[in-house]
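Below are the chains, spelled out letter by letter.
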Amino acid sequence: MKLVKINEAVEVFGISSRTLRYYEEKGLIWSQRPKGKVQRYYDETALERLKQILVLRKLQIPIKDIVAIFESEDMSTLTQSFVDKLDSLDVEIAALADLRKLVDDFLDKMLTSGVSKMSAIPLLYEETEKRLMTTEGNKGEEGRGRGGGVGTDEGSGKNEAISFERLSEVSRKALKLHDIRIIRLPSARMLTSRLKTGQVETLDLDKMQNLFADYGFTPTPGFHDCFYRKEHNDEWVMLKKIPDDYENQTPYVDERFQGGLYAVTSAFMEDMDDSFILLKDWVEQGEDFELEAGAEMIEEILPWDIAIELKRFQQDLYLPISYCGTNKVI
């Protein structure tokens, strides 16, 4: 039986050796190490299985579904995976179509209304909101066919007024989360931006970098050593990791951060609020995790100099969760 070296398989299929090892760890493929050989080898059956896996991944079938497909001899498992994928694509396509329609309608309204200044854009929306208030409860009747608002062609109605909430919903559905990770943060002692007088420092990017510099602490984006935490009053407090034996003679309060399990995704600052909502939906709609009482957090991940140059700030968003797959919190 012909055997293929792992480095040859990597080259032929255009994937990394780490990906191959991951598929092995999931029990999807197998390798062998002949006596006297250092590298792992794959036989023809394993390579054929690898082809099938890669086709399914190109169709964006999740790994957990692929595992179930190969564990089951019933074709209904494969069929259901395709049905589920089609359903998720339909939702995404519908959201993008809605967003495109709203953008097109808004553009048309601006052009037909002769909008020539940016200051007039909110006026268009205010007019739409007023129309919505007068037609609430009678949507699709009084609100149709009248000028002055952004329209959609939902249902049988045409040019129906759209609320800010509806626009937000459509925009959120069209926003795609980056891959979600599950991270456990360790307990750590943290210096906070809350002064011992009780006040919280107002922080811009430059101040966040240098707030504790005089005391020898400078945060590094992406190193899990500095976070913003959302307090109950919607106030954001900065946390910077410090040694456990540090003698705090600064004007700032320190505390013990308990750590824990978090669902994490990345987002640029302008998408942060909607991304938090989507991340919460992801947890609530899944079966493996549940939301935990605790504060939302963000961590800067784009290096300071690049963020300042691009004038765009990218964060990891942290949502506290617990694992419930085995009915126990970990």
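Below you will find a few notes about this structure. (Residues numbered from 1 in each chain as written. Predicted model: local features only at pLDDT ≥ 70, side-chain atom pairs only at ≥ 80, totals over all residues. Heavy atoms only, no water.)

1. A word on the pairing of strand S10 (residues 297-300)
For a regular strand, side-chain orientation follows a simple rule: the groups alternate between the two sheet faces.
For step 1, the next point in the chain: Residue alternation in S10 divides its side chains into two sets, Met297 and Glu299 and Ile298 and Glu300, and both sets are buried.
For step 2, the next point in the chain: Taken together, the two bridges between strand S5 (residues 226-230) and S10 define a ladder with antiparallel strand orientation. From the neighbouring strand, Tyr228 faces S10, where its bridge partner is Ile298.
For step 3, the next point in the chain: With four bridges joining them, S10 and strand S11 (residues 314-323) adopt antiparallel strand pairing. Looking at the pairing, Glu300 lines up with Gln315 of S11. (Buried < 20%, exposed > 50% of the residue type's maximum accessible area, 1.4 Å probe, protein only. Helix = DSSP H or I, 4+ residues; strand = E, 2+ residues; numbered from the N terminus. Pairing = 2+ DSSP bridges.)

2. Looking at the pairing of strand S4 (residues 188-195)
For step 1, the next point in the chain: In terms of burial, S4 is a largely internal element, seven of the eight residues being buried.
For step 2, the next point in the chain: Both S4 and strand S7 (residues 252-257) contribute to a ladder of five bridges, which runs antiparallel. Within S7, the position partnered with Leu191 by the bridge is Asp254.

3. Remarks on empty space enclosed by the protein
For step 1, the next point in the chain: One pass over the full model with this rule turns up one cavity of 30 Å³ or more.
For step 2, the next point in the chain: Put simply, the largest cavity is a space of about 30 Å³.
For step 3, the next point in the chain: Along the walls of the largest cavity sit Met208, Pro219, Thr220, Pro221, Gly222, Cys226, Glu299, Glu300 and Trp304, which together make up its complete lining.
For step 4, the next point in the chain: When the residues that make up the lining of the largest cavity are grouped by side-chain class, the tally is five nonpolar, two polar and two charged. (1 Å grid on protein atoms, 1.4 Å probe; cavity = no way out; pocket = protein on both sides within 12 Å on 5 of 7 lines; lining within 4 Å. Points joined across faces, edges and corners; volume = space filled by probe spheres on them. Nonpolar A, V, L, I, M, F, W, Y, C, P; charged D, E, K, R; others polar.)

4. What about the layout of surface pockets?
For step 1, the next point in the chain: By volume, the largest pocket amounts to about 2,100 Å³.
For step 2, the next point in the chain: In this structure, the largest pocket is lined by 37 residues; those nearest its centre are Pro62, Lys64, Asp179, Ile180 and Trp282.
For step 3, the next point in the chain: For the lining of the largest pocket, the element with the highest residue contribution is helix H5 (residues 75-112), accounting for six residues.

5. Some details on helix H3 (residues 44-58)
For step 1, the next point in the chain: Relative to the 21 Å expected for 15 residues at 1.5 Å per residue, H3 spans 21 Å between its end C-alpha atoms, a close match to the ideal helical length.
For step 2, the next point in the chain: Those residues of H3 not exposed but buried are Ala46, Leu47, Arg49, Leu50, Ile53, Leu54 and Leu56.
For step 3, the next point in the chain: Of the surrounding secondary structure, the elements contacted by the buried residues of H3 are strand S1 (3-5), helix H1 (6-13), helix H2 (17-25), strand S2 (41-43), helix H4 (63-71) and H5.
For step 4, the next point in the chain: Where H3 begins, the side chain of Asp43 points an oxygen toward the backbone nitrogen of Thr45, at a separation of 3.2 Å.
For step 5, the next point in the chain: A positive phi of about 65° marks Gln60, the residue just after H3. (Expected span 1.5 Å × (residues − 1). Contact = heavy atoms within 4.5 Å. Polar contact = N/O pair within 3.5 Å; in protein donor to acceptor, adjacent residues only side chain to side chain.)

6. Description of the environment of Trp282
For step 1, the next point in the chain: Considering the arrangement of structural elements, one finds Trp282 in helix H9 (residues 272-285).
For step 2, the next point in the chain: A residue is classified by how much of its surface remains accessible, and Trp282, at 36% relative accessible area, is partly exposed.
For step 3, the next point in the chain: For the pair formed by Trp282 and Ala263, sequence separation is 19 residues and the distance between their alpha carbons is 9.3 Å.
For step 4, the next point in the chain: With residues near it in sequence (within four places) discarded, Trp282 still touches Ile180, Ile182, Ala263 and Phe289.

7. Some details on a nonpolar patch on the surface
For step 1, the next point in the chain: A cluster of nonpolar side chains, contributed by Val55, Leu59 and Phe82, occupies part of the molecular surface with about 250 Å² of accessible area.
For step 2, the next point in the chain: If you trace the backbone, Leu59 turns up in the loop between H3 and H4.
For step 3, the next point in the chain: The exposure class assigned to Leu59 is partly exposed, which follows from its relative accessible area of 44%. (Patch = residues over 30% accessible without salt bridge, like charges linked within 9 Å, V, L, I, M, F, W, Y side chains within 5 Å. Areas by Shrake-Rupley, 256 points an atom, 1.4 Å probe, with all protein chains shown as cover. Salt bridge = Lys/Arg side-chain N within 4 Å of Asp/Glu carboxyl O.)

8. What to know about the pattern of salt bridges
For step 1, the next point in the chain: Per the counting criterion, the structure on display carries twelve salt bridges.
For step 2, the next point in the chain: Where Asp254 meets Arg189, a salt bridge forms, and the shortest distance between an N and an O atom there is 3.3 Å. In this pair, Asp254 sits in strand S7 while Arg189 sits in strand S4, placing the two residues 65 residues apart along the sequence.
For step 3, the next point in the chain: Here Arg189 falls in the buried class, since its relative accessible area comes to 13%.
For step 4, the next point in the chain: We note a salt bridge from Glu231 to Arg229, for which the minimum N-O separation is 2.9 Å. Taken individually, Glu231 and Arg229 each receive the classification buried, so the pair is uniform in this respect.
For step 5, the next point in the chain: Through salt bridges that share partners, Arg194, Arg229, Glu231, Glu235 and Glu255 make up one connected network.

9. With respect to the environment of Asp273
For step 1, the next point in the chain: Residue position: Asp273 is located in helix H9.
For step 2, the next point in the chain: Residue Asp273 is classed as exposed on the basis of its relative accessible area, which comes to 57%.
For step 3, the next point in the chain: Distance from Asp273 to Arg172, taken between C-alpha atoms, is 9.6 Å for residues 101 residues apart in sequence.

10. So, the nonpolar core
For step 1, the next point in the chain: Ranked by size, the top nonpolar core spans 25 residues in total, and within it Phe212 and Met238 carry the most contacts.
For step 2, the next point in the chain: If you list the elements that add at least two residues to this core, you get S4, S5, strand S6 (236-242), strand S8 (260-268), H9 and S11.
For step 3, the next point in the chain: A per-element tally of this core places H9 first, with four residues.
For step 4, the next point in the chain: Leu20, Ile29, Val67 and Ile69 belong to the second largest nonpolar core, which has 21 residues in total. (Core = buried A, V, L, I, M, F, W, Y, C linked by side-chain atoms within 4.5 Å.)

11. Brief notes about the packing of aromatic side chains
For step 1, the next point in the chain: Counted by the stated rule, this structure contains eight aromatic pairs.
For step 2, the next point in the chain: Taking 6.4 Å as the distance between ring centres and 25° as the angle between the ring planes, the aromatic pair formed by Trp282 and Phe289 counts as stacked.
For step 3, the next point in the chain: A residue is classified by how much of its surface remains accessible, and Phe289, at 17% relative accessible area, is buried.
For step 4, the next point in the chain: Relative to Tyr323, the ring of Phe289 lies with its centre 5.5 Å away and its plane at 55°, an arrangement referred to as tilted. (Phe/Tyr/Trp six-rings, centres within 6.5 Å; stacked < 30°, edge-to-face > 60°.)

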